Amino acid sequence: MAKKSSAPTKTAQKSAPPSGKAKLADLTHVQVEGSAELSYNGKKIALPVMHGTAGQPALDIRPLLPQFGMMTYDPGFGSTANCRSAITFIDGDKGILRHRGYEIADLAERGDFMEVCYLLLHGELPTPIEKAEFEQMIIYHTMLHEQVYPMMEGYRRDAHPMAVMVGIVGGLSAFYHDSLDIADPEQRMLASHRLIAKMPTIAAMSHKYSIGQPYVYPQNHLRYAENFLQMTFSVPAEPYIVNPVLARALDRILILHADHEQNASTSTVRLAGSSGANTYACIAAGIATLWGPLHGGANEAVLQMLAEIGPKKNIPNVIKRAKDKNDDYRLMGFGHRVYKNYDPRAQVMKKTCEEVLKELGINDPMLETAMELERIALSDDYFVEKKLYPNVDFYSGIILRAMGFPTKMFTMLFAVARTAGWIAQWKEMIEDSEQRIGRPRQIYVGETSRKYVPLNQRGAGKLRAVR
Ligand code: SDX
């Protein structure tokens, strides 16, 4: 039985490589072939070129500072790989997204969220027995410690759901002390299962609290998406029948949001994890990052944008504003750091959107506006030249609204799904013997050395405008 401590246990550290990490798996598919020479001020260095199994090669710049006395500068990490990973591959130019080699469209159309969680975590699609065992394990952990519910009462009822989720998920580390030792693989897996299982329960709890309805407990005879729907929409006063079309659509939305390589929130989880923080704290950090409107908050922002646009006749003005360099207005749900082609998730999302609205008999004018906005934008030179296409967030909000989720819950749903990816990436980071605590450098542009000036010699009382 592992020691109950949050720091890596002594035994785990003894058997771990010098870095103190438990070396459980090594990502060895990196071949070093050739080098790139750099010369500056009479000094030369040959930097090895690293090749993965797919995607662009990378310069190994680790020798640069110690041997060449120089750093690199890359705000936003647009050209910087901060890890080796075997989980997700994106080819932004071709609009390709694969999880462990499987195309996202195949997984979304033919798989389900539980098997994608297993695939992300373990690297292979589960056998029927593995899948049944995994689903049973997740179902077993869907309930929350009863003292989590009073934590909810501390929030205002109009708190944003992401404010609730950040707090509650981080707070789980105060309840589950038997899964805080990140050097113990069993405790890591226990925390991982708990987080994947409890996110829908937390999301539903936050929704019920915000509308003054009683909390609904998970039902173990229901599958993941069905359970999520019943916890969110059922009331004790009447029976709730899960609509299978909505359950299937929600399951597919969860798949489409499960993982996406080294995006901002995943990179946050990896950085938090590199310090040895416990799993719950790392996922809370990811939730905080996902909340931003440029990241996971975009799905909520798309609906607000579509509502502001109103009738289709207003679209040309919106396009004009998005193109105006002096206006920081952006088409939410458009553009992507990596995709310079149509986001493959957006294509599946658009198809699912049409299916759900048809099933529900909803003729949502917002869908019309969204499709017209897409049509006009994709034929406009500005968007074509900048390769700005609809991303995963462009259609998701329309479906979620049709299913009855309040707009404020959209990003929380994204967090529920992305927990699988965050956990898989965090696990891979912990098990990668090359990973060390993240500590980027900087180009210092401040004051150089200057003498201290005593208070009574600092100028005749005038107030300076401080930056
Ligand atoms: C997600 O990283 C991931 O994988 C994220 C994600 C995931 O699954 O984890 O895919 C989820 O976050 C999807 C993106 C959701 N965000 C939005 O939809 C918000 C709107 N889009 C953007 O703000 C923007 O496109 C980003 C943030 C997504 C990407 O920004 P980049 O790569 O830093 O690009 P940029 O801001 O440097 O823009 C490049 C140019 C700029 O023009 P110039 O300065 O070169 O003249 O394109 C313009 C931008 O002004 N531009 C847009 C635009 N997005 C970029 N112009 C109008 N509308 C837009 N949406």
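Check the entry above for the structure.
From a predicted model like this one, the values you see are computed outputs, not experimental measurements.

Analysis parameters
- Residues numbered from 1 in each chain as written.
- Predicted model: local features only at pLDDT ≥ 70, side-chain atom pairs only at ≥ 80, totals over all residues.
- Heavy atoms only, no water.
- Pairing = 2+ DSSP bridges.
- Helix = DSSP H or I, 4+ residues; strand = E, 2+ residues; numbered from the N terminus.
- Disulfide = S-S within 2.5 Å.
- Buried < 20%, exposed > 50% of the residue type's maximum accessible area, 1.4 Å probe, protein only.
- Near = heavy atom within 4 Å.
- Polar contact = N/O pair within 3.5 Å; in protein donor to acceptor, adjacent residues only side chain to side chain.
- Nonpolar A, V, L, I, M, F, W, Y, C, P; charged D, E, K, R; others polar.
- Core = buried A, V, L, I, M, F, W, Y, C linked by side-chain atoms within 4.5 Å.
- Contact = heavy atoms within 4.5 Å.
- Salt bridge = Lys/Arg side-chain N within 4 Å of Asp/Glu carboxyl O.
- Expected span 1.5 Å × (residues − 1).
- Bend = angle between axes of the 7 residues up to and from the residue.
- Axes fitted to C-alpha atoms, helices over the stretch in contact; angles between N-to-C directions.
- Parallel < 35°, antiparallel > 145°, perpendicular 65-115°, else oblique.
- Left-handed = near helix turned anticlockwise from the far one by under 90°.

Attention shifts here to the sheet that holds strand 4 (residues 88-91). If you walk across this open sheet you meet the 3 strands as 4-5-6, and the pairing is antiparallel. The sheet is open, and its two edges are formed by strand 4 and strand 6 (102-103), each paired on a single side. Pairing analysis gives 4 bridges linking strand 4 to strand 5 (residues 96-99), with the strands arranged antiparallel. When the bridges of strand 5 are listed, Phe89 appears paired with Arg98.

Once that is clear, we can look at the state of the cysteines. Here is the idea: a disulfide is a covalent bond, and it sits between the sulfur atoms of two cysteines. One pass over the structure, following the stated rule, counts 0 disulfides. Free of any disulfide, Cys117 has its nearest neighbouring cysteine sulfur in Cys282, separated by 18 Å.

What follows concerns unusual backbone geometry. Positioned with a positive phi, Phe77 is a non-glycine residue whose angle comes to about 55 degrees. Relative to the elements of secondary structure, Phe77 occurs in the loop between helix 2 (64-68) and strand 4. In this model, Lys387 sits at a positive phi of 55 degrees, which is unusual for a non-glycine residue. Checked against the element boundaries, Lys387 lands in the loop between helix 17 (381-385) and helix 18 (393-402). Residue classification places Lys387 among the partly exposed positions, given a relative accessible area of 39%.

This brings us to the site of the ligand. Inspection of the region around the ligand gives 23 residues, with His260, Arg330, Gly333, His336 and Arg345 positioned closest. Side-chain polar atom of Asn391 to an oxygen atom of the ligand: 2.9 Å apart, as the coordinates give it. Its residues assigned to classes, the shell around the ligand shows 9 nonpolar, 7 polar and 7 charged.

What follows covers the nonpolar core. Of all hydrophobic cores here, the largest spans 113 residues; its most connected members are Met165, Leu306, Leu331 and Met403. At 14 residues, helix 19 (residues 410-431) tops the list of elements feeding residues into this core. Those residues within four positions of Met165 in sequence are excluded, and the remaining contacts are Gly170, Met199, Ile202, Ala203, Ile287, Met412, Ala415 and Val416.

Attention shifts here to helix 9 (residues 224-233). The element helix 9 is largely enclosed, with a buried count of 8 among its 10 residues. Along helix 9, the positions that sit buried rather than exposed are Tyr224, Ala225, Asn227, Phe228, Leu229, Gln230, Met231 and Thr232.

Time to look at the pattern of salt bridges. Counted by the stated rule, this structure contains 28 salt bridges. Across the salt bridge formed by Asp178 and Arg194, the nearest N and O atoms sit 2.7 Å from each other. Linking Asp178 in the loop between helix 7 (161-171) and helix 8 (185-211) with Arg194 in helix 8, this pair joins segments that are 16 residues apart in sequence. Looking at Asp178, the relative accessible area reads 27%, which means it is partly exposed.

Let us look at helix 19. When the terminal C-alpha atoms of helix 19 are compared, their 32 Å separation across 22 residues agrees well with the 32 Å that a helix rising 1.5 Å per residue should span. Along its length, helix 19 shows its largest kink, about 40 degrees, at Arg418. Burial within helix 19 is extensive, with 22 of its 22 residues counted as buried.

Packing of helix 18 against helix 19 leaves a shortest axis separation of 10 Å and a crossing angle of 110 degrees. Here helix 19 runs roughly perpendicular to helix 18, going by the angle between their axes. On helix 19, the residues touching Asp393, Gly397, Leu400 and Arg401 of helix 18 are Phe410, Leu413 and Phe414.

It is worth spelling out the packing of helix 4 (residues 113-122) against helix 19 at this point. For the pair helix 4 and helix 19, the least separation of the axes is 8 Å and the interaxial angle reads 20 degrees. When the interaxial angle is binned, helix 4 and helix 19 end up roughly parallel. Pair helix 4 / helix 19 crosses with right-handed handedness. Contacts from Phe113, Cys117, Leu120 and Leu121 in helix 4 reach Val416, Ala417, Ala420, Gly421, Ile423, Ala424 and Lys427 in helix 19. The residue inventory of the contact of helix 4 with helix 19, partitioned by class, reads 9 nonpolar, 1 polar and 1 charged.

Keep in mind these values describe shape, not function.
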